[in-house]
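Coordinate analysis (summary)
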Amino acid sequence: MAKGYWIVRIDVADPDGYQAYIKANAEPFRKFGAKFIVRGGQFEAMEGSSRSRNVVLEFADYATALACYRSPEYQAAHALRIGNSEADLVVIEGYDGVQP
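Below you will find a few notes about this structure. Starting from 1, residues in each chain are numbered consecutively following that chain's sequence as written. Where totals are concerned, whole chains, interfaces and linings use all residues; where local detail is concerned, this predicted model gives features only for residues with pLDDT of at least 70, and gives and counts side-chain atom pairs only at 80 or more. Where side-chain values are given, they derive from all heavy atoms of the structure, hydrogens and water being excluded.

1. Remarks on the overall build of the protein
A tally of regular secondary structure across the protein gives 3 helices and 4 strands. Each helix is a run of H or I in the DSSP string that is no shorter than four residues. Each strand is a run of E no shorter than two, and both are numbered from the N terminus. The order of helices and strands in the protein, counted from the N terminus, is β-α-β-β-α-α-β. Only C-alpha atoms enter the radius of gyration; for comparison, a globular chain is expected to reach 2.2 Å times N to the power 0.38, where N is the number of residues. Relative to its length of 100 residues, the protein is compact, with a C-alpha radius of gyration of 14 Å against a globular reference of 13 Å. C-alpha atoms of the protein, sized along the principal axes, occupy 45 × 35 × 15 Å. The buried label goes to any residue with under 20% of its type's maximum accessible area, the exposed label to any with over 50%, and the partly exposed label to all in between, with areas taken from a 1.4 Å probe on protein chains only. The burial tally for the protein puts 31% of its 100 residues in the buried class. Note on contacts: a residue pair qualifies if any of its non-hydrogen atoms lie within 4.5 Å across the two residues. In the protein, 77% of the contacts between residues at least 6 apart in sequence involve partners at least 24 apart. Using a 1.4 Å probe, accessible areas were evaluated by the Shrake-Rupley method; residue-level cover was limited to the displayed protein chains. Split by element, the accessible area of the protein, about 6400 Å² in all, is 54% carbon and sulfur. Of the side-chain charges in the protein, 11 are positive and 13 negative, and the distance between the mean point of each set is 6 Å. His is not counted, nor are the chain ends; Lys and Arg add positive charge and Asp and Glu add negative charge. Charge positions are represented by NZ for Lys, CZ for Arg, CG for Asp and CD for Glu.

As structure tokens, then:
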């Protein structure tokens, strides 16, 4: 079964306020088995626009990735992020088919 992912691009406006979000998101991420694949790190935007920070989270499958985002625990954390950052977040199903 293909894994599920969150692909997130973030601009943090208030680093101190953003810390409350980081602390609060640990509970739902643990509950839903999220694994950080990318968490910040050096990058170079080769095409299109970018934000200052990038995060990729891996979940057991697409349904679990969606359930985490929609959970009351994550939505409580999400409320702490609003006003402290702007983000683009997509939940996407991974590919587990034949490779070239």
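2. A closer look at the pairing of strand 1 (residues 4-12)
Note that strand 1 and strand 3 (residues 53-59) share 7 bridges and pair antiparallel. What sits directly across from Gly4, in strand 3, is Phe59. When DSSP finds two or more bridges between a pair of strands, those strands are recorded as paired. Taken together, the 9 bridges between strand 1 and strand 4 (residues 85-93) define a ladder with antiparallel strand orientation. Within the sheet, the bridge partner assigned to Tyr5 lies in strand 4 and is Ile92.

3. Some remarks on the packing of aromatic side chains
Stacked, tilted and edge-to-face are the three classes assigned to paired rings of Phe, Tyr and Trp, where Trp is represented by its six-membered ring and a pair needs centres within 6.5 Å; plane angles under 30 degrees give stacked, over 60 edge-to-face, the rest tilted. One pass over the full model with this rule turns up 9 aromatic pairs. Each ring, one from Trp6 and one from Phe59, has its centre 5.5 Å from the other, and the planes form 40 degrees; the classification is tilted. Here Trp6 is found in strand 1, whereas its partner Phe59 is found in strand 3, with 53 residues between them in sequence. Neither Trp6 nor Phe59 differs from the other in exposure class; each is buried. An aromatic cluster of three or more residues is present, and its members are Trp6, Tyr18, Tyr21, Phe29, Phe36, Phe59, Tyr69 and Tyr74. The criterion for a charge sitting over a ring is simple: Lys NZ or Arg CZ within 6 Å of the ring centre, and within 35 degrees of the ring normal. A cation over a ring is seen here: Arg39 above Phe36, with NZ or CZ 4.0 Å from the ring centre. In this structure, Arg81 is placed above the aromatic ring of Tyr21, and the distance from its NZ or CZ to the ring centre is 5.9 Å.

4. Points about helix 1 (residues 15-31)
Take the number of residues in a helix, subtract one, and multiply by 1.5 Å to get its expected span. With 17 residues, helix 1 should reach 24 Å at 1.5 Å per residue; the first-to-last C-alpha distance of 25 Å fits that figure. A residue's bend is simply the angle between two axes: one fitted to the seven residues ending at it, one to the seven starting at it. A bend of about 30 degrees at Asn25 is the largest found in helix 1, and the proline Pro28 appears one to four places after it. Those residues of helix 1 not exposed but buried are Gly17, Tyr18, Tyr21, Asn25, Pro28 and Phe29. Whenever a nitrogen or oxygen atom comes within 3.5 Å of another N or O atom, the pair is scored as a polar contact, on the condition that within protein one atom can donate a hydrogen and the other can accept it, and that pairs from neighbouring residues in sequence are kept only if both atoms are in side chains. Of the residues that open helix 1, the one with a side-chain oxygen 3.2 Å from the backbone nitrogen of Asp16 is Asp14. Just downstream of helix 1, Gly33 is the residue with a positive phi angle, here 70 degrees.

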